[in-house]
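Below are the chains, spelled out letter by letter.
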Amino acid sequence: MTGSGRGLQATGLEAKLDDLRGVNALQVACGDRAWPLLRKQYLALGYSEGVARLTRLAAAGDLDSTSLAADPVEWARAWLQGFFDDRRGAMPEIWAEDGTVFLRTKECRRCLTLEAETQEPVPHGEICYAYCRAWAEGYMDVLTDLVPGLVVHYHNADSRRTGPGHDCVEAFQVVTP
């Protein structure tokens, strides 16, 4: 995948800047009413990428949906790992622990969204929630649609936005039927 795309798919600085320019323009034009719209858009973009990845795996004969039902926590971990492997951008640490999949981006790793925000004045109060987190939730929702009764609860466990030296840690609690 190239540096194009939107949200988490954007791996190049110019792609991030283009994406954030649109977010910024909508927020300037519509104020806080823009954030629910953007959240829905990024949920949809994440879901769309998840379905596209599933169809690629199925076409290649690499989709084993029975293993998803048998071990959804491991499948969720491998699902996130596979996205970042395919994307070839900054690689977070991804691990599973007690029914929860964690995704951690270390402070020392380059985060293009942070770099883009220094050049494009997007109000940060909502940007992670709408831009990255909604995308990740949408991407994980694909799994819940494949296994009836499976639920993935998402929350931000820590964010580098809370002060210097903090890592970004996202948690996906996988609840099996």
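The shown structure was predicted, so the numbers you read here are calculated from the model rather than taken from an experiment.

Q: Is there a simple way to explain the overall build of the protein chain in this structure?
A: Across its full length, the protein chain carries 6 helices and 4 strands. Along its sequence from the N terminus, the protein chain presents helices and strands in the succession α-α-α-α-β-β-α-α-β-β. Nonlocal contacts in the protein chain, meaning residues at least 24 apart in sequence, comprise 62% of its contacts between residues at least 6 apart. With the model as given, the accessible surface of the protein chain reaches about 8,700 Å², and the carbon-plus-sulfur share is 54%.

Q: Hey, could you run me through unusual backbone geometry in this one?
A: Phi is mostly negative for residues that are not glycine, and the peptide bonds are mostly trans. Here Asp-98, not a glycine, exhibits a phi torsion of approximately 50°, which is positive. Note on Asp-98: relative accessible area 77%, which makes it exposed.

Q: Before we go on, may I ask you to explain the packing of helix H1 (residues 13-30) against helix H2 (residues 34-59) in this structure?
A: Working note: a packed helix pair is described by the angle between its axes plus the distance between those axes. Closest axis-to-axis distance for the H1/H2 pair is 9 Å, and the angle between their directions is 150°. Where H1 approaches H2, its residues Asp-19, Val-23, Leu-26, Gln-27 and Cys-30 are matched on the opposing element by Ala-34, Trp-35, Leu-38 and Tyr-42. Partitioned by chemical class, the residues of the contact of H1 with H2 number 7 nonpolar, 1 polar and 1 charged.

Q: Before we go on, may I ask you to explain the sheet that holds strand S2 (residues 100-105) in this structure?
A: Pairing is antiparallel across the open sheet formed by 4 strands, whose spatial order is S1-S2-S4-S3. Of all strands in the sheet, those bounded by a partner on one side alone are strand S1 (93-97) and strand S3 (151-158). The mean angle between the axes of side-by-side strands here comes to 20°, regardless of whether they run parallel or antiparallel. Looking at chain direction, S2 and strand S4 (residues 168-175) are connected through 6 bridges and run antiparallel. For Thr-105, the partnering residue across the bridge sits in S4 and is Cys-168. Each of S1, S2 and S4 touches helix H4 (residues 72-87); the most contacted strand, S1, lies at about 180° to it.

Q: How should I be thinking about the pattern of salt bridges in this particular structure?
A: Pairs can form between side chains of opposite charge once their charged atoms are near each other. Within this structure, the stated rule accounts for 7 salt bridges. Here Glu-74 and Arg-77 are joined by a salt bridge, their closest N and O atoms 2.7 Å apart. With a gap of 3 residues between them, Glu-74 and Arg-77 both fall in helix H4, about one helical turn apart. Arg-104 is paired through a salt bridge with Glu-93; the nearest N and O atoms lie 3.4 Å apart. Of the two residues, Arg-104 sits in strand S2 while Glu-93 sits in strand S1, which places them 11 residues apart along the sequence.

Q: Before we go on, may I ask you to explain the pairing of S1 in this structure?
A: Successive residues of a regular strand alternate their side chains across the two faces of the sheet. In this sheet, S2 lies alongside S1 in antiparallel orientation, the contact comprising 5 bridges. From the neighbouring strand, Ala-96 faces S2, where its bridge partner is Val-101. Between S1 and S2, which follow one another and run antiparallel, lie 2 residues, and Asp-98 among them has a positive phi close to 50°.

Q: Would you explain the packing of H2 against H4 in this entry?
A: Look at H2 against H4: their axes get within 12 Å of each other, and the N-to-C directions meet at 90°. Viewed along their axes, H2 and H4 adopt a mutual orientation that is roughly perpendicular. Between H2 and H4, the contacting residues are Glu-49, Gly-50, Arg-53, Leu-54 and Leu-57 on the first element and Trp-75, Ala-78, Trp-79, Gly-82, Phe-83 and Asp-86 on the second. Broken down by class, the residue content of the contact of H2 with H4 amounts to 6 nonpolar, 2 polar and 3 charged.

Q: Whenever I open this one, the environment of Gly-50 confuses me. Can you help?
A: Turning to its location among the elements, Gly-50 is positioned in helix H2. Of the residues examined, Gly-50 reaches a relative accessible area of 0% and is grouped as buried. Taking C-alpha positions, Gly-50 is 7.4 Å from Met-140, a pair spaced 90 residues apart along the chain. If near-sequence neighbours (up to four positions away) are discounted, Gly-50 is found in contact with Trp-79, Tyr-139 and Val-142.

Reading the values: the criteria
- Within every chain, residues take consecutive numbers counted from 1 along the sequence as written.
- In view of the model being predicted, local features appear only for residues whose pLDDT reaches at least 70, and side-chain atom pairs are presented and counted only at 80 or more, with totals across whole chains, interfaces and linings using the full set of residues.
- As a convention, hydrogens and water are excluded, and side-chain values are obtained from all of the structure's heavy atoms.
- Labels follow the DSSP assignment, with helices taken as runs of H or I lasting at least four residues and strands as runs of E lasting at least two, numbered in each case from the N terminus.
- Contacts are assigned to residue pairs with any non-hydrogen atoms lying within 4.5 Å of each other.
- For every accessible area listed, the method is Shrake-Rupley and the probe measures 1.4 Å; residues are considered covered only by the protein chains on display.
- Working definition: with a 1.4 Å probe on protein chains only, accessible area under 20% of the residue-type maximum means buried, over 50% means exposed, and in between means partly exposed.
- Fitted lines through C-alpha atoms serve as axes, helices being fitted only where they are in contact, and the angles separating the N-to-C directions of these axes extend from 0 to 180 degrees.
- Residue polarity is assigned by list, with Asp, Glu, Lys and Arg as charged and Ala, Val, Leu, Ile, Met, Phe, Trp, Tyr, Cys and Pro as nonpolar; anything else, Gly included, falls into the polar class.
- Being paired, for any two strands, means DSSP has found at least two bridges between them.
- By convention in these notes, a salt bridge is any Lys or Arg side-chain nitrogen within 4 Å of a carboxyl oxygen on Asp or Glu.
- Orientation is classified from the angle alone, with under 35 degrees giving roughly parallel, over 145 giving roughly antiparallel, 65 to 115 giving roughly perpendicular, and any other angle giving oblique.

Just distances and angles here, no functional claims.
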